[in-house]
Amino acid sequence: MKTKLFLALALAVAVLLGACAPKIDADKFLIEGQVCNIPDSVVLNLCIYKNGMYSQIASDTIIDGYFSFTDTVSEVRQLCLLTHAKGFPNHILPIWVAPGELVRIKGEDKLHSTWIVTSRLIEQKDQNALQACAIDIRKKYATLDAEEADILKGRLGRNHTDAESAKQLREKIYALREKSTPLRTQVYKAEIDYMSTMPRRRVWMETLVMYAKFAKLSPKYMPYSTELKALYETLPEELKQSEQGQLAYGHLYPVHPLEIGDDMVDATLYDIEGGEHHLAELKDRYILLDFWSKGCGPCRESIPELEEIAAAYAESLEVVSLSIDPKDEWVEYVREKNLTGHQWNELAAARTGLSTRYNVRGIPHYVLITPEGKVQAVWSGYAKGYLWQEIKRHIK
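Residues numbered from 1 in each chain as written. Predicted model: local features only at pLDDT ≥ 70, side-chain atom pairs only at ≥ 80, totals over all residues. Heavy atoms only, no water.

Draft legend 1. View of the overall build of the protein. Counting secondary structure elements, the protein contains 12 helices and 15 strands. For the C-alpha atoms alone, the extent of the protein along its principal axes is close to 70 × 55 × 40 Å. By residue count, 44% of the 396 residues in the protein fall in the buried class. Restricting the contact set of the protein to residue pairs at least 6 apart, pairs at least 24 apart contribute 65%. Considering the protein, the positive charge centre built from 48 side chains and the negative charge centre built from 54 side chains are found 6 Å apart. (Helix = DSSP H or I, 4+ residues; strand = E, 2+ residues; numbered from the N terminus. Buried < 20%, exposed > 50% of the residue type's maximum accessible area, 1.4 Å probe, protein only. Contact = heavy atoms within 4.5 Å. Lys, Arg positive; Asp, Glu negative; His and termini not counted. Charge placed at Lys NZ, Arg CZ, Asp CG, Glu CD.)

Take a look at the structure:
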């Protein structure tokens, strides 16, 4: 009944406001929000999730209960609304936008992750249906999370030198999590159950990937890998072979990562011209695999040092830069920066393929392979001089 009421309200808002929709440029979206019981001056951030982090693209301040965002967009894509204001949970509100589309947002409290979003986009309708299936539990969970968020914000704003005060704060947070964690897990279970009734469209696929990743990394909070595997098996072969399908499979059926002393794993790799390569081409020499992305600051900072090492060890070592970026972004960056050496890409879905086999959890990630094809050393992260230190330690 609650689910039907939530969806009916969303539909009613859409019909009521549709009659007075403003004119929007064909290459832009417009988000208009109206909220109650929210003080003026609260800043809302519109963000995009990319490369494992939320990047802000716009912000607006609530004035007299209203806020708005507009920007150019070339395709249907998901953005999200978040805020660091007092009394708000550390959650996001998913919002789908598209060229020429109007999005309306209505809210009556500080639980912004449960505000009602309406538009003509099927992705938003699917997102709303998924959210509505556990709306009451979600609100309870968000309320507790808001309390925790306020404690953490207050702690960061003060210098806690008193051990007893710090202990009391930790105890408050643990007590809140004892209540919120079961609710969080209940939300996951309700949504997974509801997914069995949903069309296998974009929101469904992206939710499957997200939850499959949670199940792999945090089984304590997402103990539903069996149910997620059952959902995956309902997919037609075409969707299983899609990028999202491959990602879901990689998280649900993870392969055993390589360890020190194991034989290296090879794959078909591509250069920026589309030529095919294999690590086996470089046998009888040391190989340094550098997993990187153009959006990773430390990865970019490491490039000069990698080039120095490649030149200094030209007789015995091959540096292979393995980008995990999409093809177009990767090719453009390599050409723009005139990067040299073995600039290759598996062109697999992110965090699958060799990234999984070589246990890439963060970038930059380095793997040193011996001339005999054995994994000799693995390390992650970058600071100036660190690569030289590791190479000198392992190659005598």
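Draft legend 2. Up close: the pairing of strand β1 (residues 28-35). In the sheet, β1 pairs with strand β4 (residues 66-72) via 7 bridges, with the strands oriented antiparallel. Bridge assignment links E32 to a residue of β4, and that residue is S68. As paired strands, β1 and strand β7 (residues 102-107) are joined by 6 bridges and run parallel to one another. Residue pairing in the sheet places G33 in a bridge with I105 of β7. (Pairing = 2+ DSSP bridges.)

Draft legend 3. Summary view of the side chain of H394. Turning to its location among the elements, H394 is positioned in helix α12 (residues 386-394). Discounting chain neighbours no more than four positions away, the residues touching H394 are Y286, L368, Q376, A377 and W379.

Draft legend 4. Geometry of the packing of helix α9 (residues 297-312) against α12. Taken N-terminus to C-terminus, the directions of α9 and α12 make an angle of 30°; their axes are 9 Å apart at the nearest point. On the basis of their axis angle, the class for α9 and α12 is roughly parallel. Every pair of crossing elements has a handedness; the one defined by α9 and α12 is right-handed. Facing S302, E305, L306, E308, I309 and A312 of α9, the residues of α12 in contact are Y386, L387, W388 and I391. Within the contact of α9 with α12, the residues separate by chemical class into 7 nonpolar, 1 polar and 2 charged. (Axes fitted to C-alpha atoms, helices over the stretch in contact; angles between N-to-C directions. Parallel < 35°, antiparallel > 145°, perpendicular 65-115°, else oblique. Left-handed = near helix turned anticlockwise from the far one by under 90°. Nonpolar A, V, L, I, M, F, W, Y, C, P; charged D, E, K, R; others polar.)

Draft legend 5. Fine view of the packing of helix α2 (residues 122-132) against helix α4 (residues 163-195). Running from N to C, α2 and α4 cross one another at 130°; their axes reach a closest spacing of 9 Å. One way to sum up the angle between α2 and α4 is to call them oblique. Along the contact surface, α2 presents A129, L130 and Q131, while α4 presents E191, Y194 and M195. Residue classes in the contact of α2 with α4 are distributed as 4 nonpolar, 1 polar and 1 charged.

Draft legend 6. Main features of the sheet that holds β1. Strands sit in the order β4-β1-β7-β8 across an open sheet of 4 strands; the sheet is mixed. Here the strands that pair on one side only, and so sit at the sheet edges, are β4 and β8 (116-118). With direction set aside, neighbouring strand axes in the sheet form an average angle of 15°.

Draft legend 7. Main features of α4. Under the 1.5 Å per step criterion, the end-to-end length of α4 is 46 Å for 33 residues, consistent within 8% with the ideal 48 Å. The largest bend in α4 amounts to roughly 30° and is located at E178, with the proline P182 lying one to four residues further along. Looking at α4, one finds that the buried residues are A166, L169, I173, L176, S180, L183, T185, V187, Y188, E191, I192 and M195. (Expected span 1.5 Å × (residues − 1). Bend = angle between axes of the 7 residues up to and from the residue.)

Draft legend 8. Inspection of the nonpolar core at higher detail. Judged by nonpolar contacts, the single largest core of 25 residues is most densely connected at I192, M195, W204, L208, M222, L228 and L231. Secondary structure elements with two or more residues in this core: α4, α5 (202-217), α6 (225-233) and α8 (243-252). Residues within four places of M222 in sequence aside, it is in contact with Y188, I192, Y211, F214, A215 and L228. With 23 residues, the next largest nonpolar core counts F29, L44, L81 and I95 among its residues. (Core = buried A, V, L, I, M, F, W, Y, C linked by side-chain atoms within 4.5 Å.)

Draft legend 9. The packing of aromatic side chains, seen in detail. On inspection of all chains with the given rule, the structure shows 13 aromatic pairs. Where Y232 meets Y253, the ring centres are 6.3 Å apart and the plane angle is 65°; that geometry is what we call edge-to-face. Residue Y232 is located in helix α6, and its partner Y253 is located in the loop between α8 and β9 (269-270); the two are separated by 21 residues in the primary sequence. Judged by centre distance (5.9 Å) and plane angle (50°), the ring pair of W292 and Y333 falls under tilted. (Phe/Tyr/Trp six-rings, centres within 6.5 Å; stacked < 30°, edge-to-face > 60°.)

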